[in-house]
Amino acid sequence: TPTVVIVGAGHAGGTLAGMLRQQKFDGRIVLCGDETHPPYHRPPLSKKYADDEFVQWLKPEAFYADNHIETLLGDPVVGIDRDARTATTASGTVLEYTTLVLATGAAPRTLTLPGSDLEGVLSLRTLADATLLRDAVHTGSALAIIGGGYVGLEVAASARARGCEVTVIEREDRVLARVASPELSSVLTEFHRDRGTRIITGAEVREISGTDGRVNGVALGDGTEIPCDMVLVGVGAIPNDALARESGLECLAGIVVDGSARTSDPHVLAIGDVTYRLHDTLGKMVRLESIPSAVEQAKQAVAVIMEAPLPPHEVPWFWSDQFDLKMKMAGMVGPDTRAVLRGNPSESSFALFHLNTDGIPVAVETVNAAAEFMAGKKFISNRTKIDPAALADPVISLREAVL
Ligand code: FAD
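Everything numeric here is computed off the predicted structure, so don't read it as measured data. (Residues numbered from 1 in each chain as written. Predicted model: local features only at pLDDT ≥ 70, side-chain atom pairs only at ≥ 80, totals over all residues.)

Along the protein, the regular secondary structure elements total 11 helices and 26 strands. Dimensions of the protein, computed from C-alpha atoms along their principal axes, come out at roughly 65 × 60 × 35 Å. The buried share of the protein, taken over its 403 residues, is 43%. Considering only contacts within the protein whose residues lie at least 6 apart along the sequence, 60% involve residues at least 24 apart. (Helix = DSSP H or I, 4+ residues; strand = E, 2+ residues; numbered from the N terminus. Buried ≥ 20, exposed ≤ 12 C-beta atoms within 10 Å, placed from the backbone. Contact = placed C-beta atoms within 7 Å.)

Within this structure's numbering, the places UniProt gives as "domain: FAD/NAD(P)-binding" (unreviewed entry) are residues 3-298. End C-alpha atoms of residues 3-298 are separated by 16 Å, and the span's content is 23% helix alongside 30% strand. (UniProt positions renumbered as here; feature names shortened; annotations may be inferred.)

With that settled, consider the sheet that holds strand β23 (residues 325-331). Across the sheet, 5 strands lie side by side as β22-β23-β26-β25-β24; this open sheet has antiparallel pairing. Two strands in the sheet have a free side with no partner beyond their single neighbour: β22 (317-322) and β24 (338-344). Here the average twist between neighbouring strands, direction ignored, is 15 degrees. Here 7 bridges tie β24 to strand β25 (residues 349-355), and the two strands are oriented antiparallel to one another. (Pairing = 2+ DSSP bridges. Axes fitted to C-alpha atoms, helices over the stretch in contact; angles between N-to-C directions.)

Per the domain assignment, the segments of the protein are domain 1 (3-106 + 238-306), domain 2 (121-233) and domain 3 (324-401). Taking the mean C-alpha position of each, domain 1 and domain 3 sit 33 Å from one another. (Domains from an automatic or database assignment.)

As a further point, take helix α1 (residues 11-22). Helix length check: α1, at 12 residues, gives a terminal C-alpha distance of 16 Å against a target of 16 Å (1.5 Å per residue), a fit within 8%. Most of α1 sits out of view: 9 of its 12 residues are buried. For α1, every residue scored as buried is listed here: H11, A12, G13, G14, T15, L16, A17, G18 and L20. Contacts from the buried residues of α1 go to β1 (3-7), β2 (28-33), β3 (69-73), β7 (99-102) and α8 (291-306). (Expected span 1.5 Å × (residues − 1).)

Right, let's get into the pairing of strand β5 (residues 86-89). Pairing of strand β4 (residues 77-81) with β5, which is carried by 4 bridges, proceeds in the antiparallel orientation. Following the sheet pairing, D81 is matched in β5 by T86. Count of turn residues in the β4/β5 antiparallel hairpin: 4 residues, of which R85 carries a positive phi of about 55 degrees. Inspection of the sheet shows β5 paired to strand β6 (residues 94-96) by 3 bridges, in the antiparallel sense. Paired with T88 across the strands is V94, a residue of β6.

Next up on the list: the site of the ligand. Contacts to the ligand come from 36 residues, most closely from G8, G10, A12, G105 and G272. At the level of secondary structure, the elements contributing two or more residues to the shell around the ligand comprise α1, β2, α2 (43-47), α8 and β22. Of the residues in the shell around the ligand, the class split is 18 nonpolar, 12 polar and 6 charged. (Near = placed C-beta within 6 Å. Nonpolar A, V, L, I, M, F, W, Y, C, P; charged D, E, K, R; others polar.)

Another point: the sheet that holds β5. Read from one edge to the other, the open sheet built from 3 strands follows the order β4-β5-β6, with strand pairing classed as antiparallel. Looking at which strands have only one partner, the edges of the open sheet turn out to be β4 and β6. Ignoring strand direction, the axes of neighbouring strands in this sheet form an average angle of 20 degrees.

Membership of the largest hydrophobic core comes to 70 residues, with the highest contact counts inside it found for L143, A144, I145, V231 and L232. Per-element tally for this core: the top contributor is helix α5 (residues 150-161), with 7 residues. Other than its neighbours up to four places away in sequence, V231 contacts G120, V121, L122, A144, I146, I208, V215 and V218. (Core = buried A, V, L, I, M, F, W, Y, C linked by C-beta atoms within 7 Å.)

When you line up the elements, G272 lands in the loop between β19 (268-270) and β20 (275-279). On the basis of neighbour count, G272 is assigned to the buried category, with 35 C-beta atoms found within 10 Å. Each C-alpha atom of the pair G272 and M306 lies 19 Å from the other, and the pair is 34 residues apart in sequence. Residues in contact with G272, not counting those within four places in the same chain, are G10, H11, A12, A103, G105, A294 and Q297.

Next up on the list: the UniProt feature "domain: Reductase C-terminal" (unreviewed entry) in the protein. In the numbering used here, UniProt assigns the "domain: Reductase C-terminal" (unreviewed entry) feature to residues 317-401. Within the segment residues 317-401, helix and strand shares are 25% and 40% respectively, and the terminal C-alpha atoms sit 22 Å apart.

Where α1 meets α8, the axes come as close as 9 Å, and the angle between the chain directions of the two elements is 40 degrees. By the angle between their axes, α1 is oblique relative to α8. Read as a crossing pair, α1 and α8 show a hand that is right-handed. Of the residues in α8, those touching α1 at H11, A12, T15, L16, M19 and L20 are I291, A294, V295, Q297, A298, K299, A301, V302 and I305. Taken together, the residues of the contact of α1 with α8 sort by class into 11 nonpolar, 3 polar and 1 charged. (Parallel < 35°, antiparallel > 145°, perpendicular 65-115°, else oblique. Left-handed = near helix turned anticlockwise from the far one by under 90°.)

Tracing the backbone through its elements, the reader meets D324 in the loop between β22 and β23. Judged by the 10 C-beta atoms lying within 10 Å of it, D324 is exposed. Once the C-alpha coordinates of D324 and V233 are considered, the two residues, 91 residues apart in sequence, prove to be 24 Å apart.

Summarising the element assignment, L352 is placed in strand β25. The spatial distance from the C-alpha of L352 to the C-alpha of A9 is 36 Å, given a sequence separation of 343 residues.

Given below as structure tokens:
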């Protein structure tokens, strides 16, 4: 029987297993994970960890058995033999495959600073991490967050809402420097500061200090000392591509795949945060870390395995929730793009359209503006030329702004 072995029981791997059965794949499916849980949603870990709502399973408990998906959890795959077409787990189970799918995700980048291994220095990727964070965040406690990315700001928002003292320490001169426009960064910075979060940019962390093995502060290069009870390190993630590298698959900033999730070995596919690919709407090599991208690649893998037509490529998009701000972003802001604001940031509902030099939106960032998001994503995908003046005037409909 044809056998699909999926390495990594996360969002991409779990989605793929379900979709294969939905598309009537009748071979064997083995889903291997090194966490002890079946797949779950990671987005709530940073947004809802304080509310006990953060455990959201990807599928109901009985789903895997009901759909004849074999799960091997808490037993990581430790080696791949591409000639023999086998994968071996830590406990010694040898799995033969027809198609191997690497969906190993990414792991939080760690710091090598003095004090990084003190108790109370946390990172956030797993249910176990979120549980530690939840137990530490409460009124009167002080949290220092190293890294002003989406995860850092989401944790900051939910910690503030719980009455925690929060300081965000960012090395760049603005938060979200790698992923958002300067305009959005500045609106968000102000929003967080208005709610009592201290945000320090352009800051170099010199060391994490502690007593008796437990963290009690962060020291910055300029001498600033930030007392705290815990530190969240949110400085990005690195792809879990060791298995792929060891087995000689082509890897750069992740496992290199084409637009149909194929690696350099025709019997091995790779999907999700671990992959690095040329994205046609962005026109460059990227390693995307988002649910929509993981799901898109799971669909590609299904098409390859089932020998079905490939789904059309999607404009990459992402969401974030901070306080009562529901944000959705699509495309990618470039160095030559021009931002057009529609709506009013002070009313917490607006959209930033980023137009290239031809007047075509290549990115859109929206806050509590679902219609603008949908329209913007479509403009990017269809390469629609827009009149910037009309776009900036909320009285004029988006349809009328199309040139
Ligand atoms: P993962 O979900 O990380 O799954 C990979 C799995 O593989 C892990 O369980 C890992 O333990 C396992 N694994 C690794 N190596 C092995 C091995 N050798 N053997 C067996 N198993 C292995 N995205 C959004 O779009 N919107 C959001 O709002 C958002 N919020 C996020 C908040 C947080 C706190 C985090 C951490 C991520 C967030 N993301 C968000 C990103 C999103 O969760 C990821 O893009 C998505 O989980 C990627 O799926 P994946 O399957 O590639 O990786």
